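# Observations on the three-dimensional arrangement
Listed below are the residues making up each chain.
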Amino acid sequence: MDFFIRDAHAQGGGGDPTFSFIMLIALFAVFYFVLIRPQSKRQKEHKAMVASLSKGDEVVTNGGLLGKITNVGDSFVTVEIATGMEVKVQRLSVAALMPKGTIKSG
């Protein structure tokens, strides 16, 4: 088996292990700042928005429903999507908090 390893080194394999390690760290840093950090920031913002939901807020759900919150529970909120038509959805399914008056202008 030893003769296979010698052939691999003879073909130019190897290189500087410190440079390879530095490149690996740089690649991880790029992934962290481009992918991981922005995603965790969005998750924190969404969690804070969901925690601050209150009666009378106008919201859009993940399913695209626009409505006004009429009741807030621990895990669910009741959203009025039309006059007299209410839907109960999970708090986490609220995608965005809309400015007041969005429903009337839409």
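For the structure, see preceding data.
Residues numbered from 1 in each chain as written. Predicted model: local features only at pLDDT ≥ 70, side-chain atom pairs only at ≥ 80, totals over all residues. Heavy atoms only, no water.

## Digging into the nonpolar core
- Counting 9 residues, the largest nonpolar core consists of Met49, Val50, Leu53, Val59, Ile69, Val77, Val79, Val89 and Val94.
- Put simply, the parts of the chain that give this core at least two residues each are helix 2 (17–51) and strand 3 (76–82).
- If we ignore the near neighbours within four places in the chain, the residues touching valine 89 are Thr61, Ser75, Phe76, Val77 and Val79. (Core = buried A, V, L, I, M, F, W, Y, C linked by side-chain atoms within 4.5 Å. Buried < 20%, exposed > 50% of the residue type's maximum accessible area, 1.4 Å probe, protein only. Helix = DSSP H or I, 4+ residues; strand = E, 2+ residues; numbered from the N terminus. Contact = heavy atoms within 4.5 Å.)

## Topic: the pairing of strand 1 (residues 58–61)
- Here strand 1 shows no split at all, with Glu58 and Val60 on one side and Val59 and Thr61 on the other all buried.
- As defined by bridge partners, strand 1 adjoins strand 2 (residues 66–72) across 3 bridges and the pair is classed as antiparallel. Along strand 2, the bridge assignment pairs glutamate 58 with lysine 68.
- Two successive antiparallel strands, strand 1 and strand 2, enclose a turn made up of 4 residues, where glycine 64 displays a positive phi of approximately 95°.
- Sheet topology note: the strand 1/strand 5 (residues 94–98) ladder contains 4 bridges and is antiparallel. Bridged to glutamate 58 within strand 5 is methionine 98. (Pairing = 2+ DSSP bridges.)

## Things to note about the sheet that holds strand 1
- Pairing is antiparallel in the open sheet, where 5 strands are placed in the order 4-3-2-1-5. Every interior strand has two partners, whereas the edge strands, strand 4 (85–90) and strand 5, have only one. Each strand of the sheet is rotated relative to its neighbour by a mean of 45°, with strand direction disregarded.
- In this structure, strand 3 lies alongside strand 4, joined through 6 bridges in antiparallel fashion. Residue pairing across strands places alanine 82 opposite methionine 85, the latter belonging to strand 4. (Axes fitted to C-alpha atoms, helices over the stretch in contact; angles between N-to-C directions.)

## What to know about the side chain of threonine 102
- Along the polypeptide, threonine 102 turns up in helix 3 (residues 102–105).
- Residue classification places threonine 102 among the buried residues on the basis of a relative accessible area of 18%.
- Looking at threonine 102, its side chain comes within polar contact range of the main-chain oxygen of proline 99, at 2.5 Å. (Polar contact = N/O pair within 3.5 Å; in protein donor to acceptor, adjacent residues only side chain to side chain.)

## Here we look at the side chain of arginine 91
- Its location among the elements puts arginine 91 in the loop between strand 4 and strand 5.
- As a buried residue without a salt bridge, arginine 91 has its nearest oppositely charged side chain in aspartate 74, at a separation of 5.9 Å.
- Of note is the side chain of arginine 91, whose polar atom sits 2.7 Å from the backbone oxygen of valine 50.
- When sequence neighbours within four positions are dropped, the list of residues in contact with arginine 91 reads Val50, Ala51, Leu53, Val72, Gly73, Asp74, Ser75, Phe76 and Val77. (Lys, Arg positive; Asp, Glu negative; His and termini not counted. Salt bridge = Lys/Arg side-chain N within 4 Å of Asp/Glu carboxyl O.)

Just geometry here; none of it tells us what the structure is for.
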